[in-house]
Amino acid sequence: MKRKKTFTRIVATAAITGIATFGSTHVAHLDTTAHAATSQTEINQTAVKNINEIYNAGIKGEVPRLTKDLKFGVSTRDDDRSLFGLPPEGDTGSFDYYHAEMGYPGYAFGYDKNHVISEIRYFGTNVERQTNLGSITEVNLKKQLGQPNFTKKIKNGNLVQTKYTYHAGAYDLEFIFDNATSLNHVNLVSNS
């Protein structure tokens, strides 16, 4: 009789331990799935916010997080350099590049023959890139802004990139993708 009670306790303990183990694993799986879905929703919301910010700035001839003291088609290379200093790469002909640094996005400024800003490239930040350009994919860009006005493949060294051009008032926004999920940068140019 004592063996039967001991055996029953062992079986009961094993059953309870097994249920607790499997239950715990199952709950952890549900939590991971829920967390992944929440993270994807947050990334999509971040992408929508960033796309709208870029587009709304583009309509005004601006790019996000760039000082309002620089005006597309008005400010000159001297204006740019008085705010940012000499570009880290030195004089690069028709463009000045300023790398992203801790907390600050990267930009490049293109100039016409009179040294007036004729193009602004926005590279976003490097740290926590998913909070800005890294959140934007080809799919969520088209979902938010619709089909682009123009699409073109461009070669950049060995890399073939895709350029999606959207009209934004008197300007064009060119979203340059390395692949479907990797936005390299955004160009602001005149659409005339």
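Residues numbered from 1 in each chain as written. Predicted model: local features only at pLDDT ≥ 70, side-chain atom pairs only at ≥ 80, totals over all residues. Heavy atoms only, no water.

(A) Geometry of helix H3 (residues 138–145). Within the span of H3, buried status applies to Glu138, Asn140 and Leu141. Positive backbone phi, at 85°, marks Gly146, one or two positions downstream of H3. (Buried < 20%, exposed > 50% of the residue type's maximum accessible area, 1.4 Å probe, protein only. Helix = DSSP H or I, 4+ residues; strand = E, 2+ residues; numbered from the N terminus.)

(B) Here's a closer look at the pairing of strand E7 (residues 182–190). With 4 bridges joining them, strand E3 (residues 117–124) and E7 adopt antiparallel strand pairing. Paired with Tyr122 across the bridge in E7 is Val186. When strand E6 (residues 171–179) meets E7, the two strands line up antiparallel, connected through 8 bridges. Bridge pairing links Leu173 to Leu188 in E7. (Pairing = 2+ DSSP bridges.)

(C) Inspection of the pattern of salt bridges at higher detail. Evaluated as defined, the whole model comprises 5 salt bridges. Two residues, Asp96 and Arg81, come together in a salt bridge whose shortest N-O distance is 3.0 Å. Of the two residues, Asp96 sits in strand E1 (residues 95–98) while Arg81 sits in helix H2 (residues 77–84), which places them 15 residues apart along the sequence. Notably, a salt bridge pairs Lys163 with Glu174, separated by 3.8 Å at the nearest N-O pair. Pair noted here: Lys163 is in strand E5 (residues 159–168) and Glu174 is in strand E6, with a separation of 11 residues, a long-range link. Pair check on accessibility: Lys163 and Glu174 agree, each one buried. One network of salt bridges, in which partners are shared, links Arg77, Arg81 and Asp96. (Salt bridge = Lys/Arg side-chain N within 4 Å of Asp/Glu carboxyl O.)

(D) Seen up close, the nonpolar core. Ranked by internal contacts, the top residues of the largest apolar core, which has 26 residues, are Phe109, Ile120, Ile136, Leu141 and Phe175. With 4 residues, E6 is the single largest residue contributor to this core. (Core = buried A, V, L, I, M, F, W, Y, C linked by side-chain atoms within 4.5 Å.)

(E) Looking closely at the packing of aromatic side chains. Applying the stated criterion to the full structure yields 10 aromatic pairs. On the numbers, 5.1 Å between centres and 35° between planes, the contact of Phe84 with Tyr98 is tilted. You can see Phe84 sitting in helix H2 and its partner Tyr98 sitting in strand E1, a full 14 residues away along the chain. With a relative accessible area of 33%, Phe84 lands in the partly exposed category. The exposure class assigned to Tyr98 is buried, which follows from its relative accessible area of 8%. For the ring pair Tyr98 and Phe109, a centre distance of 6.1 Å and an interplane angle of 70° mean the geometry is edge-to-face. Of this pair, Tyr98 sits in strand E1 while Phe109 is found in strand E2 (residues 106–111), placing the two residues 11 residues apart along the sequence. Pair check on accessibility: Tyr98 and Phe109 agree, each one buried. (Phe/Tyr/Trp six-rings, centres within 6.5 Å; stacked < 30°, edge-to-face > 60°.)

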